Each structure stands twice: as C-alpha cells, then as structure tokens.
Amino acid sequence: MLKVKVVGTGSFLPPNRVTNFDLAERMDTSDEWIRSRTGIHTRHLLDPGAPPAQMGVEAARAALAAAQLPPAQVDVLIAATNVSEQPVPGTAPHIAAGLDLPNEPAFLDLKAGCSGFVYGVALAGAALAAGVFRCALVVGIEALSRFVDWTDRRTCVLFGDGAGAVVLTPSPDEAAILGVSLHGDHGKLALLRVEAGGVRLPASVDTVKKGLHFLKMEGEGVFRAAVPMMEQATREALHQAGLAPQDITWLIPHQANLRIIRPLAARLGIPEERVVINIDRVANTSTASIPIALDELRRAGRLSPGDVVALTAFGAGAAYGTVILRW
Ligand code: UT7
C-alpha cells in the first residue's frame, strides 16, 4: 500500500458576515444566549440566489494552487455535503464543471452528516493507497442557511455556510495518513434530519406547508452523543497509528459547539492551545468546518512538517470518525 498525504488546502467563506446582534434584530434571541450556549459570535451566510457549488469551486481552486497542481491532475473529486446542489445530479459534477476539470475525473457526492469530510479523506486516502487514483480532491461544502428554519431559533442560529478542500496524493516522505476510524450509530438516526424532499416523503404542497424540508435537530441528544463518539474514534485512530493523545499537535474537531469541543479536548488530555477553534467566527458549517479550520491553520503558518493532526467529527446518521495525519 502507498502512503498518502495532504498536499494542499483551501477554503471559502461567503462575504456576508452576520453577527448574533444581527440575528437578534430578526428573531427572539440574544448575543448572550448564543455566545454562552455555543461559543458562536458570527457566521457567514450565502446570499440568496448565489449558487452554493461556487463556494466549493473557490475552495478547490485555492487547494490546487496551494498544492501547485493543475486541475488536469485530479482523477477523483469527492464532494462531502448534506444537501446536494440539486437532487440529481449532485454537487460534485457542479464543482467539476466550475473548475472545468479537463480529464473527466471520477466524481461523487458523499453524505455522512457533518462527518462527511472526514469520511471523504479516509476513503480517498484508501483509494489512493491502493493505487486506484493518483490525485484526489475532497471538498466539504455546505449551504445550511438554505435549509434551516429561520423561524426556529433553536437551530437557525447555530449554522453558517462555507466550503473547504484538500488535495491528496501518494506521499514520498514521512507525511501521511496514519490512522482512520469511521463509525455510524444507526440507533441515533432521528437526532438530525430533513424529513421531506427525498423518496420517502417527496416534496408536495403539504410537506412544504408543514415545513418538513427544514433541518430538525434534537439538540440535547446530539450534544450528549458527540463527545464520547469523537473521543472513541480518536482513540481508535491513534491506536492504529501507534500514537497516544499527547502526540497530537493539532486537534481539529468538527465545530458544532464550544461546549462539545472543550470536554472532548479535556477527555483526551489535550490543552486548549493545541485545539483549533473557529466556531466563534464561522459557526457550525457542517461538512465544511474541518477543512476550513485546517486551511486557516495552514495559512496562519502554524502547521509544521512532522505535526500530528487529528481530524474528528460526528453528525447526522449518526456518523462519526477520526483521521490522524502526519503533516
Ligand atoms: O453538527 C451537529 C449539529 N448540532 C449540534 O452539535 C448541536 C448540539 N446541541 C447543542 O449544541 C445544544 O443542545 C444547543 C446549543 C442546540 C441548545 O442548548 P441547550 O442548552 O440544550 O438549550 P435548550 O435547547 O435546552 O434550550 C434552553 C432554553 C429554552 O427555553 P425554555 O424552554 O427553557 O424557556 C429555549 O427555548 O433556551 C431557549 N432557546 C433560546 N433562547 C434564545 C433556544 N434557542 C434559543 C435562542 N435564543 N437561539
């Protein structure tokens, strides 16, 4: 099996930055409530009418530029997202079109809740390691503002829009994917859901009237499950890598809630200065949260060769998992 590493990262946030104070003008909420319950101060929201896939195109372009690779190199594109650009076809072909990828690469959408990006890196890594592909583009992209219920203050204040991307290739050096742990607990599949618009309950006047196309979340159930899931997956992936939590240079958790991130770090014994947190600025961008945080870390010059990076997420399904990388 070949070793596989991340050779480029990129991200994109839509320019419209919305503060908690802005939301408090539109609904019965407050900066104090949102900040103290979640750690979120602001989020970026896609303008109505703007094509969501373009965020993925921008993030992917930046990742390819950072990798110093031309689009022609990409032979597989994975778009991790919860809700595709349109039901058929999905988001990946729209990103491929926006990038004008010349070599007709394989492309697919991957739906694994907020863990989709971690799943995408793990699966692309395995395919590259087996020699099936030679250059993978994995994009985490989400326009949650388009399917949250803006009258439900329990969910709409939590989310933001954005995209992040990485380029993966076989690695000639020590940098590599060292460990992977992916799981799904189907007993929790009702915790986060969009009930209508699929084949179980196709769109109808009635489903729209009832607001069944909006994201519903059992916040407390998700909250309680998240920390043990990410801790378990991280310990398993570390074990596979022959490492321990104290070896982690950077823990990059899915940015769902500061009150989830902090206990996770505490249970793993990782000090806060080694935990990457941007939920205050970007809120929960679902599948995009980890690649955005990874790209910000790299662009800030805080990643060094040899660093051990843990990407860990949980989300709808309930899918969860961790990938351990040596940078
Ligand atoms: O990516 C994965 C997706 N989601 C998550 O990871 C989220 C996980 N869950 C959470 O982060 C937390 O459960 C929340 C932040 C969603 C909620 O925090 P909580 O402490 O569990 O609040 P709650 O839902 O129990 O609500 C407490 C109170 C309620 O008022 P009453 O019934 O006690 O009078 C809510 O109506 O807070 C009220 N409330 C709000 N007040 C102001 C709920 N949302 C808001 C709001 N502004 N936006």
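**Points about the overall build of the chain**
Here is step 1: When helices and strands are tallied, the chain shows 11 helices and 13 strands.
Here is step 2: Taking 2.2 N^0.38 as the reference for a compact globule, 327 residues should give roughly 20 Å; the C-alpha atoms of the chain span a radius of gyration of 19 Å, in line with that estimate.
Here is step 3: The average position of the 30 basic charges and that of the 32 acidic charges among the side chains of the chain differ by 3 Å.

**Regarding the packing of aromatic side chains**
Here is step 1: Inspection of the entire model under this criterion finds 0 aromatic pairs.
Here is step 2: Its end group placed over the ring of Trp-150, Arg-26 keeps NZ or CZ at 5.0 Å from the ring centre.

**A look at the site of the ligand**
Here is step 1: The environment of the ligand is formed by 22 residues, the closest being Thr-29, Arg-37, His-254, Asn-257 and Asn-284.
Here is step 2: At 2.6 Å, a side-chain N or O of Arg-37 approaches an oxygen atom of the ligand.
Here is step 3: When the free accessible area of the ligand is taken as 960 Å², the share hidden by the protein chains comes to 75%.
Here is step 4: If you list the elements that add at least two residues to the shell around the ligand, you get α2 (31-38), α6 (153-156), α8 (219-241) and α9 (258-268).
Here is step 5: With 4 residues, the single largest contributor to the shell around the ligand is α8.
Here is step 6: Within the shell around the ligand, the residues separate by chemical class into 10 nonpolar, 6 polar and 6 charged.
Here is step 7: Shared between two domains, the shell around the ligand holds at least three residues of each, these being domain 1 (4-173) and domain 2 (177-326).

**Digging into the sheet that holds strand β13 (residues 319-326)**
Here is step 1: Read across the open sheet, the 4 strands follow the order β8-β13-β12-β11; overall the sheet is mixed. For this open sheet the edge positions go to β8 (176-184) and β11 (250-253), each flanked by a neighbour on one side alone. For this sheet the average axis-to-axis angle between neighbouring strands, irrespective of direction, equals 10°.
Here is step 2: In this structure, strand β12 (residues 308-314) lies alongside β13, joined through 7 bridges in antiparallel fashion. Directly across from Val-308, in β13, lies its bridge partner Arg-326.

**Describing the pairing of strand β6 (residues 136-143)**
Here is step 1: Among the 8 residues of β6, 8 are classified as buried, and the element is accordingly described as predominantly covered.
Here is step 2: Burial along β6 is two-sided: the face carrying Ala-136, Val-138, Gly-140 and Glu-142 and the face carrying Leu-137, Val-139, Ile-141 and Ala-143 are both buried.
Here is step 3: Sheet topology note: the strand β4 (residues 76-80)/β6 ladder contains 5 bridges and is parallel. When the sheet's bridge partners are listed, Ala-80 is paired in β6 with Gly-140.
Here is step 4: When β6 meets strand β7 (residues 161-170), the two strands line up antiparallel, connected through 8 bridges. Pairing of Glu-142 across the sheet is with Gly-162, part of β7.

**As for the domain arrangement of the chain**
Here is step 1: Here the chain is partitioned into domain 1 (4-173) and domain 2 (177-326).
Here is step 2: Once you take the C-alpha centre of each, domain 1 and domain 2 turn out to be 14 Å apart.
Here is step 3: Between domain 1 and domain 2, the contact holds 50 residues from the first and 44 residues from the second.
Here is step 4: Interface area for domain 1 against domain 2, summed over the two sides, is near 3500 Å², with a carbon-plus-sulfur share of 66%.
Here is step 5: The largest share of the area that domain 1 buries against domain 2 comes from Cys-114, Val-118 and Tyr-119, three residues that together contribute 17% of it.
Here is step 6: Applying the counting criterion to the domain 1 and domain 2 interface returns 23 residue pairs in polar contact (both at pLDDT 80 or more).
Here is step 7: For the side of domain 1 that touches domain 2, the secondary-structure elements that each account for two or more residues are β1 (4-12), α2, β3 (42-44), α5 (116-129), β6, α6 and β7.

Cut-off values and rules
- Numbering of residues starts from 1 in every chain and runs along the sequence as written.
- The model is predicted, so local features are restricted to residues of pLDDT at least 70 and side-chain atom pairs to those at 80 or more, both for listing and for counting; the totals for chains, interfaces and linings are taken over all residues.
- As a rule here, side-chain values cover all heavy atoms of the structure and leave hydrogens and water aside.
- Strands are runs of DSSP state E lasting at least 2 residues, helices are runs of H or I lasting at least 4, and numbering of each runs from the N terminus.
- Just to be clear, the radius of gyration here is over C-alpha atoms, and the globule rule we use is 2.2 Å times residues to the power 0.38.
- Counted as positive: Lys and Arg. Counted as negative: Asp and Glu, with His and the chain ends omitted from the count.
- Where a charge sits is defined by one atom per residue type, namely NZ (Lys), CZ (Arg), CG (Asp) or CD (Glu).
- Note on aromatic pairs: the rings of Phe, Tyr and Trp (six-membered ring only in Trp) are paired at centre separations within 6.5 Å, and the planes decide the class, stacked below 30 degrees, edge-to-face beyond 60, tilted for the rest.
- Only lysine NZ and arginine CZ atoms are considered, and such an atom sits over a ring when it is within 6 Å of the ring centre and within 35 degrees of the ring normal.
- Residues are counted as near a molecule or strand when any one of their heavy atoms sits within 4 Å of it.
- Residues adjacent in sequence count toward polar contacts only when both atoms are side-chain atoms; beyond that, a polar contact is any pair of N or O atoms within 3.5 Å, and within protein one must be able to donate a hydrogen and the other to accept it.
- Using the Shrake-Rupley algorithm and a 1.4 Å probe, accessible areas are obtained, with residue cover drawn only from the displayed protein chains.
- Lys, Arg, Asp and Glu make up the charged group, whereas Ala, Val, Leu, Ile, Met, Phe, Trp, Tyr, Cys and Pro make up the nonpolar group; the residues left over, Gly among them, are polar.
- The domain limits used here are those given by an automatic or database domain assignment.
- A pair of strands is considered paired only if DSSP assigns at least 2 bridges between the two.
- Lines fitted to the C-alpha atoms define the axes, with helices restricted to the stretch that makes contact. Angles between their N-to-C directions range from 0 to 180 degrees.
- Only protein chains enter the area calculation, which uses a 1.4 Å probe; residues under 20% of their type maximum are buried, those over 50% are exposed, and those in between are partly exposed.
- Any two residues having at least one pair of non-hydrogen atoms within 4.5 Å are treated as being in contact.
- Two parts placed together each lose some accessible area under a 1.4 Å probe, and adding up what both lose gives the buried area.

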